[in-house]
Protein chains: 2
Amino acid sequence: MNIEMIRAARTRLEGHVRRTPLLRSAFLDEIAGRRVWIKPECLQHTGSFKFRGGWSAVSGLNAEARARGVIAFSSGNHAQGVALAALRHGVRAVIVMPSDAPQMKIDNTRAMGAEVVTFDRATEDRDAICARLSADQGLTLIRPYDEPLVIAGQGTCGLEIAEQAAAECITRADVLVCCGGGGFASGIALALQADAPNLRVRTVEPEEFDDMARSLVSGRIERNSRLSGSLCDAIITPQPGAITFPILSQLAGPGLVVTEDEALHAMALAFSRLKLVAEPGGAVALAAALFHPGEIQAEDVIVTMSGGNVDAAVFCLALEKFGG
Amino acid sequence: MNIEMIRAARTRLEGHVRRTPLLRSAFLDEIAGRRVWIKPECLQHTGSFKFRGGWSAVSGLNAEARARGVIAFSSGNHAQGVALAALRHGVRAVIVMPSDAPQMKIDNTRAMGAEVVTFDRATEDRDAICARLSADQGLTLIRPYDEPLVIAGQGTCGLEIAEQAAAECITRADVLVCCGGGGFASGIALALQADAPNLRVRTVEPEEFDDMARSLVSGRIERNSRLSGSLCDAIITPQPGAITFPILSQLAGPGLVVTEDEALHAMALAFSRLKLVAEPGGAVALAAALFHPGEIQAEDVIVTMSGGNVDAAVFCLALEKFGG
């Protein structure tokens, strides 16, 4: 991985991916005790930053691979990102999803033209299904984070942050990134190292699923003890990626960890103060900025709001619990 | 009123007012049967387009008037727009609000540094209170819509729409504007007449509060029979303005009218498909595009989403009723 791959991805993404703005609210600044800048990737196509990586991966295929198609496993944002990118390239997409995934996510993925293959989490092995379909049909597997073209796509968000920070005269900042496997964080970290070395990435995860924070402390890949049971489903992964961890180990500051309630509270504040819909996993970075100010070192803090694909019931739970 | 006043307002607003994007969703296009472009003024400072008019009015005062201060009456978006504009100019602002206005709106207006004067709707006359305070203290009254500087500020949104439509190669479009007194619609109409004459403003109002639509038909100012009892509170006004109506009468196409349920449904779709928070009155234009396609004439439709200042309870009502 290097910055040239991210710059090449930006060229491929140009005109297809939304350049999201950098927003602020005086009310949020007051809670945080510093200037809080929000990069709302919930406004990205498909409702999350994952469309960047999906577009980067599909557009980076050669003609032969495009003709055969792509395959991805995901119950959520990555599936939609890959599906829409494939649709717009006229490339066949097969998405492997657990049969108990929310019907709306299955429907959305199908509506974007993808073929959905479901599997039983209890009795079937996702990786084996993907490997078999990929081998039988010549489909190129697009991994959700441990994939250079995907990381390069996510990194284009970092290039935008560097430019927007310069335009706002932000010279030093902690850049809080919602973190699952680390594709978004490592792409942004590489972009900032090149274009804005005084902006430093800090990963943010939910309590009990803080594999990246613990790995950054110990210096080696640590696993989560469980893989379900969080409202922050979009950023729950077994462990940091083999490609992403070394990048973050070198470039990122200490990881931050927030509670699920802090994420819900941040969602309610994004509703009332920014008029934006964030999903729980997409609100952890804002939660860290607002409720863990003592752990942030720079004068300015930039937070990614990584996605907005949330069910109405969960959204209203956040509003009921934390006003709005 | 003329286009030069809008261009002058744009110069004063530059760097202070957010240039909101022009968004699209394939899901919404499919419902509407045509391309739907969304101008999300809910992302404007203070959560509505009213900040444009507030900034325009305050920045247009001479030094003497600034030193004395401004006064406005509003229970909602106009109050916040004027309050924040005054705060940032270092100008005193007095906002006259009904004593039964939602506490959050009163708190927000105070948090923006304004002095809030409350009155009893049943026994006191708002206009008389404003006139007295204005005369006693030399405060300049900033009317919510029948005020040239305010209309000029709202018109800057129309200049942006003209530029963004050209960039997207939109040659003909109906531009649906959420309409109360007509300040937003008339400002946009003047801007489009000058910069994009093939884009035509159409006002959109809620059922039973369709004074503008009826006035456009009859050719003279018609009143609403009642002034409360709508969730679309932000756009409920007694009648079209004396300045705004002649402009719209000349430049706007026939007005559209939607039901309250259609507005709530549009809010739910803005949540799920755009990740944006719209208030009921701010969602009527999207509702018209989605649910009244037969009344729209152009291939493309551009809708203003004029504000997002909605209580959690009303927002969740929309999501419960119309999925999400």
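Residues numbered from 1 in each chain as written. Chains lettered and ligands numbered in written order. Predicted model: local features only at pLDDT ≥ 70, side-chain atom pairs only at ≥ 80, totals over all residues.

Let us look at the overall build of chain A. What chain A contains, in helices and strands, is 14 helices and nine strands. Relative to a compact globule of 324 residues, whose C-alpha radius of gyration would be 20 Å, chain A shows 18 Å and is just as compact. With respect to the principal axes defined by its C-alpha atoms, chain A has extents near 55 × 40 × 40 Å. Here chain A, with 324 residues, has 56% of them falling under the buried criterion. A sequence separation of at least 24 residues applies to 75% of the contacts in chain A between residues at least 6 apart. (Helix = DSSP H or I, 4+ residues; strand = E, 2+ residues; numbered from the N terminus. Rg over C-alpha atoms; globule rule 2.2 N^0.38 Å. Buried ≥ 20, exposed ≤ 12 C-beta atoms within 10 Å, placed from the backbone. Contact = placed C-beta atoms within 7 Å.)

Contacts between the two partners involve 16 residues from chain A and, on the opposite side, 16 residues from chain B. If one sorts the elements of the side of chain A that touches chain B by residue count, helix α14 (residues 312-321) of chain A sits on top with four residues. Partitioning the side of chain A that touches chain B into residue classes produces ten nonpolar, four polar and two charged. (Nonpolar A, V, L, I, M, F, W, Y, C, P; charged D, E, K, R; others polar.)

Each pair of packed helices gets described by two things: the angle between the helix axes and the distance between those axes. Residues and elements named next belong to chain A. Where helix α8 (residues 148-167) contacts helix α9 (residues 183-195), the axes come no closer than 7 Å and their chain directions differ by 50 degrees. Between α8 and α9, the angle falls in the class oblique. The chirality of how α8 crosses α9 is right-handed. Here α8 contributes Val150, Ile151, Ala152, Gln154, Gly155, Cys157, Gly158, Leu159, Ile161 and Ala162 to the contact with α9, which in turn contributes Gly183, Phe184, Ser186, Gly187, Ile188, Leu190, Ala191, Leu192 and Asp195. (Axes fitted to C-alpha atoms, helices over the stretch in contact; angles between N-to-C directions. Parallel < 35°, antiparallel > 145°, perpendicular 65-115°, else oblique. Left-handed = near helix turned anticlockwise from the far one by under 90°.)

Bringing the sheet that holds strand β6 (residues 173-178) of chain B into the picture now. Consider a sheet: its strands pair through backbone hydrogen bonds, and that pairing is either parallel or antiparallel. Residues and elements named next belong to chain B. On the basis of which strands lie adjacent, the open sheet formed by five strands has the order β1-β9-β6-β7-β8 and parallel pairing. The open sheet terminates on both sides in strands that have one partner only, identified here as β1 (35-40) and β8 (256-258). Mean inter-strand twist for the sheet, computed between neighbouring axes without regard to direction, equals 25 degrees. Two elements, β6 and strand β9 (residues 300-305), share four bridges in a ladder whose sense is parallel. Residue Ala173 lies in a different strand from β9, and its bridge partner there is Asp300. (Pairing = 2+ DSSP bridges.)

A few words on the sheet that holds strand β3 (residues 93-98) of chain B. Residues and elements named next belong to chain B. One open sheet holds the four strands; their spatial order is β4-β3-β2-β5, and the pairing between them is parallel. Where the open sheet ends on each side, the last strands, each with one partner, are β4 (115-119) and β5 (140-141). Relative to β4, β3 runs parallel, the two being bridged by five bridges. Bridge pairing links Val96 to Val117 in β4.

The subject of this paragraph is the domain arrangement of chain A. Residues and elements named next belong to chain A. In terms of domain boundaries, chain A breaks down into domain 1 (3-48 + 148-321) and domain 2 (51-141). A C-alpha centroid distance of 24 Å is found between domain 1 and domain 2. Listed by partner, the interface residues are 22 residues for domain 1 and 14 residues for domain 2. For the side of domain 1 that touches domain 2, the element with the most residues is α8, which contributes seven residues. A class-by-class count of the residues in the side of domain 1 that touches domain 2 yields eight nonpolar, eleven polar and three charged. (Domains from an automatic or database assignment.)

Time to look at the pairing of strand β7 (residues 199-206) of chain B. Residue and element names in this part refer to chain B. Among the eight residues of β7, seven are classified as buried, and the element is accordingly described as predominantly covered. For β6 and β7, the ladder comprises six bridges, and the chain directions are parallel. Looking at the pairing, Leu176 lines up with Arg202 of β7. A crossover connection joins β6 to the parallel β7 through helix α9 (residues 183-195); in handedness this β-α-β unit is right-handed. Where β7 meets β8, three bridges bridge the pair, whose relative direction is parallel. (Right-handed = clockwise from strand over helix to strand, strands pointing away.)

What follows is about the relation of the copies chain A and chain B. Note on the copies: chain A fits chain B at an RMSD of 0.0 Å, the axial shift is 0.0 Å, and the rotation between them is 180 degrees. Expressed as a symmetry operation, the mapping of one chain copy onto the other fits a two-fold axis. Nearest to the rotation axis, the C-alpha of Leu276 of chain A is located 2.5 Å from it, this being the minimum over chain A. Both copies contact each other with a shared surface, as 100% of the interface residues of chain A are interface residues in chain B too. (Least-squares fit on C-alpha atoms with pLDDT ≥ 70 in both.)

Below, the discussion takes up helix α7 (residues 126-137) of chain B. All names here are of chain B. Compared with an ideal rise of 1.5 Å per residue, which puts twelve residues at 16 Å, α7 spans 16 Å between its outermost C-alpha atoms and is within 8% of the ideal. Across the twelve residues that make up α7, only a small minority, one, are buried. Phi turns positive one or two residues past the end of α7, at Gly138, with a value near 70 degrees. (Expected span 1.5 Å × (residues − 1).)

The subject of this paragraph is the pairing of strand β2 (residues 70-73) of chain B. All names here are of chain B. Side chains of β2 alternate between two faces, with Val70 and Ala72 and Ile71 and Phe73 buried alike. Handedness of the β2-helix α5 (residues 77-89)-β3 crossover: right-handed. Of the strand pairs in this sheet, β2 and β5 are connected by two bridges, and their pairing is parallel. Bridging from a neighbouring strand, Val70 pairs with Thr140 of β5.

Time to look at the packing of helix α12 (residues 260-274) of chain B against helix α14 (residues 312-321) of chain B. All names here are of chain B. The contact between α12 and α14 brings their axes to 8 Å, and the two run at 90 degrees. What the angle tells us is that α12 and α14 run roughly perpendicular. The segment α12 lies against α14, with Leu264, Met267, Ala268 and Phe271 engaging Phe315, Leu317, Ala318, Leu319 and Lys321. Class assignment for the residues of the contact of α12 with α14 results in eight nonpolar, no polar and one charged.

So, on to unusual backbone geometry. All names here are of chain A. Even without being a glycine, Cys169 presents a positive backbone phi close to 60 degrees. In this fold, Cys169 is placed in the loop between α8 and β6 (173-178). Exposure remark for Cys169: the 7 C-beta atoms within 10 Å place this residue in the exposed category.

What follows concerns the environment of Val277 of chain B. As for its position among the elements, Val277 of chain B is in the loop between α12 and α13 (284-291). Measuring from C-alpha to C-alpha, the distance between Val277 of chain B and Met305 of chain B comes to 9.4 Å, with 28 residues separating the pair along the chain. Excluding residues that lie within four positions of it along the chain, Val277 of chain B makes contacts with Phe271, Lys275, Leu276 and Val277 of chain A together with Cys42, Gly308, Val310 and Phe315 of chain B.

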